Structure formats: C-alpha cells, structure tokens
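Okay, here's what each chain looks like letter by letter:
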Amino acid sequence: MRILQIVPSISLIYGGPSQMILGLAPALAKQRVKVTILTTDSNGDRGQKPLDVPLGEPIEQDGYEIIYFRCSPFRRYKFSIDLLKWLKQNAKNYDLAHIHALFSPISSFAAATCRRQNLPYILRPLGTLDPADLRKKRQLKRFYINILERHNIAGAAAIHFTSEQEAKVSQRFGVTTRDLVIPLGVNSLDIKYSNPQLEGNKLLNQYDIPSDIPLLLFMSRIDPKKGLDILIPALEKLISEGLKFHFILAGTNPQDPNYEEKIRLKIQNSSLNFCTTITGFVTGELKSALLKAADLFVLPSYYENFGIAVAEAMVAGKPVVISDQVHIYEQVRSNESGWVGTTDVESMVQLLREALKNPEECKYRGSRAQEYALQHYSWDAIARQIIDVYEEITTATV
C-alpha cells in the first residue's frame, strides 16, 4: 500500500501538529506501508531562512521518504505550485492521501487535486473546525469555506479527529461526513539519547533554577489560545499566598512574535519575574531534560483538539493540570492523571494550590499518567488503527 502524507510544513518550529507526521510515518513504515511525505521548506513565518533541504527529490529516512518543495514567499499562507504539479503527475501511483490541516492553501488545493485525480483522501483538521477557531478571521474563513473547504470535506473518504470531543464540537458546514477518532501518538523519552549534562541538577544549574522547590512547566506554543492570560495571574496569586515554586515557560510563536514579547514583558513586570525561566523554543535533549526535571505540567488552553504537549508530559510521568477545553481532559480526569479545571483564574489557582501542597499525590498521578499514555498513545498501536482504515477505504474504491 502506497500512502501520501501531505502537510504544509514539518519544521520543528511549528510544534506538535507538524511533528506528528514524523511519528506516524516511521510507525507506518515498520508495518510495510510505503509512505511519502509531501511538504514545503517553510521554517517560520517572519523572515526565517527556509529549511536547508534538497527540493523536489525523495529523501529516504527511517523507512519512508520526504519530498520538500519550495514554499511561496507568503510563508504564513503556505503554498507551493511545484508540490501541486508533482501531486497531479504522480497521484496515480498512490492508493490514498492523508492530508493534514484545513484552511491552509497547500492542504486545500491538494485535496482538490486528489479529487480531480480520483485519489481518495482523508482530512485531519487539526482543530480548525472548532467553533472557537472558526471565529478567528470569520469573514475570510466563510469565503474560504464556500470556495474550497466545504467541497473538500464533502469529497473526503473520512475526517480524522484526534479526540471524541474534537469530533463532537467540529463544524461540518452541512456536509455529512465519515468520522474517525484516532488519537495522536507520542515518543517515549529515551535516556540513551539524553545528554547527561542537561539532566537533573546540571540542567537546573544551567538555567540557575533552584532544586529544592517544585518546577511547573508550560511547554507549548506561546499563543492566546493557550490560556497564559489565565495561568500568569493564577501563579501571581499563588506567590501572594506564600507558595514556593519555579515556573518554566518553554515555547515560541513564529506567527505572532508580538504576542510572545507581550507575555515576556508581562512576566518581567510581575512578581513572577523572580521565579520564572523563559527558555524559548526547545527540542531534542533539552526538551527531554525539561520534561524529566519538571514536577508538574500545566496547560489551561481555551481549546486544544488533542493536546500533544499534554500527552508528551504524561509519557514522561508528569501529572498535568489542564482545562476542560483540552480535548483529552476526560481521559486525564477518569484515569487520575492530573487535575482538570475550567478556563478561569480561580479554577487554575485551586488546582495548582492542591497539586503544590500534595507532592505525594503528584507522584501518584504522574505514574498513572505515564501508565495510561504508554498504553494508549503508542505510535505502533495507532499506526495499526490507521492502517485498518486505509485498507478499508482503498478496498472500497477499487
């Protein structure tokens, strides 16, 4: 079976949604699926240099191949004529396309091309059908829906949601769809790849972080939807109560550096300034080391279609404090993998206060989180579910 994975970018700078492809592809390849990723060389939206990769030719990697294409100059609205030309010429050589992201020109036009070439495709919306997301740039999206996305959704063999909650709240614009609910996977932290210089006390020394108080970790994109306007005042309230902790803010936002700077200044001008470390974008060994060092992971988002950062923290054995708008909140709550609240400051204060005052409960919930995540968010298990769907669709279209 030959499968295309089409995604606007897989640059590390875009975080979890793009990186999901690099977890899924090798898991599919291990089960003898021929996978080709089509993507662009985009590496940020504010003047960053594109990825330094060969263009238009297959790059073999971990049993699958990636083909990069030049992104248009308007990098925020990722588009590549060369990618679409390649797809038109080569669609006949594949059995199915799995397209990631809606309201992105490269994905939208790829779906239209697949229809014209009679190649069945699955759409993964990445939360873009959530009413909260649709309210952003509402008029532009309404036009986009009428011209492209309603037809793309209607023509899809299936829509891939990553949680029951995402499927429940997502808009279909009057189209009847076949819905798949298959979670994302995460890779477990592998100690053999970690640099000992970045672990334990050495990591704390590197950032001048005290070792005798709890570490609270926020590791996600610095974006208004992530609930930092809830988290920062909640942490300030805890400081005023005399609770001791150190806050680590890890992340960036290549699409909105002004908001990132606003958050940085807000922390600098608050009581948090003396107990906060801002790392910027992290990946690889540093990311693993931060997850290992943290005592508690927090993400009070206004909406998350899945919450890959939450799942990564769970795999690392960390209890999580999240809002009920992170769409795996039911699993976190029912499995006692952390604490779940609402998107308001007082709720976050109560949950964090309880967690900080009960370190043994944190350890218990962290172990529960790890057990659940390793069982349910394994890429191998998720790949098997996805392959079953691929086979069913391709058999039905023969």
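This text goes with the structure placed above it.
Residues numbered from 1 in each chain as written. Predicted model: local features only at pLDDT ≥ 70, side-chain atom pairs only at ≥ 80, totals over all residues. Heavy atoms only, no water.

Caption draft 1: Up close: the pattern of salt bridges. What the rule picks out here adds up to 15 salt bridges. In this structure, the salt-bridge partner of glutamate 261 is arginine 264, at a minimum N-O distance of 3.8 Å. Of this pair, glutamate 261 and arginine 264 both sit in helix 9 (residues 257–268), three residues apart, roughly one helical turn. The exposure class assigned to glutamate 261 is partly exposed, which follows from its relative accessible area of 36%. Arginine 264 gets classed as partly exposed once you look at its relative accessible area, which sits at 26%. Counted as one network, the salt bridges with shared partners bring together Asp133, Lys136 and Lys141. (Salt bridge = Lys/Arg side-chain N within 4 Å of Asp/Glu carboxyl O. Helix = DSSP H or I, 4+ residues; strand = E, 2+ residues; numbered from the N terminus. Buried < 20%, exposed > 50% of the residue type's maximum accessible area, 1.4 Å probe, protein only.)

Caption draft 2: Molecular detail of the environment of threonine 252. Among the structural elements, threonine 252 can be located in the loop between strand 10 (246–250) and helix 9. In this structure threonine 252 comes out as buried when scored by relative accessible area, which is 17%. Considered as a pair, threonine 252 and alanine 158 are 94 residues apart in the sequence and their alpha carbons are 33 Å apart. Each residue touching threonine 252, except ones within four places of it in the same chain, is listed here: Ile13, Ser220, Arg221, Ile222, Glu260 and Phe281. Within the local environment of threonine 252, its side chain forms a polar contact with the side chain of glutamate 260, the two groups lying 2.9 Å apart. (Contact = heavy atoms within 4.5 Å. Polar contact = N/O pair within 3.5 Å; in protein donor to acceptor, adjacent residues only side chain to side chain.)

Caption draft 3: Expanded view of the sheet that holds strand 9 (residues 215–219). With parallel pairing, the six strands of this open sheet are ordered in space as 11-10-9-12-13-14. In the strand order of this sheet, the two ends are held by strand 11 (276–280) and strand 14 (338–341), each with one partner. Sheet twist, expressed as the mean angle between neighbouring strand axes with direction ignored, is 20°. Where strand 10 meets strand 11, four bridges bridge the pair, whose relative direction is parallel. Residue alanine 250 lies in a different strand from strand 11, and its bridge partner there is glycine 280. The strands that helix 13 (residues 345–357) touches are strand 9, strand 12 (296–299), strand 13 (320–323) and strand 14; relative to strand 14, the one it contacts most, it runs at about 165°. (Pairing = 2+ DSSP bridges. Axes fitted to C-alpha atoms, helices over the stretch in contact; angles between N-to-C directions.)

Caption draft 4: Quick peek at a nonpolar patch on the surface. A surface patch of nonpolar side chains, about 320 Å² in accessible area, is lined by Leu140, Phe143 and Ile147. Mapped onto the elements, phenylalanine 143 comes out in helix 5 (residues 138–155). (Patch = residues over 30% accessible without salt bridge, like charges linked within 9 Å, V, L, I, M, F, W, Y side chains within 5 Å. Areas by Shrake-Rupley, 256 points an atom, 1.4 Å probe, with all protein chains shown as cover.)

Caption draft 5: Examining the side chain of glutamate 260 more closely. Mapping glutamate 260 onto the fold places it in helix 9. Glutamate 260 sits in the buried class, given a relative accessible area of 15%. Apart from residues lying up to four places away in sequence, glutamate 260 is in contact with Ile222, Gly251, Thr252 and Asn253.

Caption draft 6: Representation of the pairing of strand 10. Extensive coverage of strand 10 is indicated by the burial of five of its five residues. Alternating residues of strand 10 divide into His246, Ile248 and Ala250 and Phe247 and Leu249, and every residue in both groups is buried. Alignment of strand 9 against strand 10, held across five bridges, turns out to be parallel. Of the residues in strand 10, the one forming a bridge with leucine 217 is isoleucine 248. Regarding topology, helix 8 (residues 228–240) serves as the crossover connection from strand 9 to the parallel strand 10, and that connection is right-handed. One crossover worth recording links strand 10 to the parallel strand 11 by way of helix 9, and it is right-handed. (Right-handed = clockwise from strand over helix to strand, strands pointing away.)

Caption draft 7: Structural view of helix 13. Across its 13 residues, helix 13 extends 18 Å between first and last C-alpha, which sits within 8% of the 18 Å expected from 1.5 Å per residue. When we look at burial in helix 13, the residues that qualify are Ser347, Met348, Val349, Leu351, Leu352, Ala355 and Leu356. Sitting at the head of helix 13, aspartate 344 places a side-chain oxygen 3.3 Å from the backbone nitrogen of glutamate 346. (Expected span 1.5 Å × (residues − 1).)

Caption draft 8: Layout of the sheet that holds strand 1 (residues 2–6). Within the open sheet, the eight strands sit side by side as 3-4-2-1-5-6-7-8. Their pairing is mixed. What marks the edges here is a single partner per strand, and that holds for strand 3 (59–61) and strand 8 (179–181). Pairwise comparison of adjacent strand axes, ignoring direction, gives a mean angle of 25° for this sheet. Here strand 1 pairs with strand 2 (residues 34–40) via five bridges, running parallel. Among the inter-strand pairings, glutamine 5 is bridged to a residue of strand 2, identified as isoleucine 37. The strands that helix 15 (residues 379–397) touches are strand 1, strand 5 (96–100), strand 6 (121–124), strand 7 (158–161) and strand 8; relative to strand 5, the one it contacts most, it runs at about 130°.

Caption draft 9: Quick peek at the packing of helix 3 (residues 105–116) against helix 5. Packing of helix 3 against helix 5 leaves a shortest axis separation of 10 Å and a crossing angle of 50°. Considering their axes alone, helix 3 and helix 5 lie oblique with respect to each other. The element helix 3 and its partner helix 5 pack so that their crossing is left-handed. Counted together, Pro105, Ser108, Phe109, Ala111, Ala112 and Arg115 of helix 3 and Tyr144, Leu148, Glu149, His151, Asn152 and Gly155 of helix 5 form the full contact between these two elements. (Parallel < 35°, antiparallel > 145°, perpendicular 65-115°, else oblique. Left-handed = near helix turned anticlockwise from the far one by under 90°.)

Caption draft 10: Local environment of the pairing of strand 6. Side chains Tyr121 and Leu123 project from strand 6 onto one buried face, and the interleaved Ile122 and Arg124 project onto a second face that is buried too. Strand direction decides the pairing type here: strand 5 and strand 6, joined by four bridges, are parallel. If you follow isoleucine 99 over to strand 6, its bridge partner there is leucine 123. For the crossover that starts at strand 5, traverses helix 3 and ends in the parallel strand 6, the hand is right-handed.

Caption draft 11: Focus on the packing of aromatic side chains. Scanning all chains against the criterion turns up six aromatic pairs. Both rings, one in phenylalanine 103 and one in tyrosine 144, keep their centres 5.5 Å apart while their planes meet at 40°; by these two values the pair is tilted. Of this pair, phenylalanine 103 sits in the loop between strand 5 and helix 3 while tyrosine 144 sits in helix 5, and the two are 41 residues apart along the sequence. Both residues of the pair, phenylalanine 103 and tyrosine 144, count as buried. Every member of this aromatic cluster is reached through a ring pair, and the members are Phe69, Trp86 and Tyr94. Looking at lysine 141, its charged tip hangs above the ring of phenylalanine 103, at a distance of 5.4 Å from the centre. (Phe/Tyr/Trp six-rings, centres within 6.5 Å; stacked < 30°, edge-to-face > 60°. Lys NZ or Arg CZ within 6 Å of the ring centre and 35° of its normal.)

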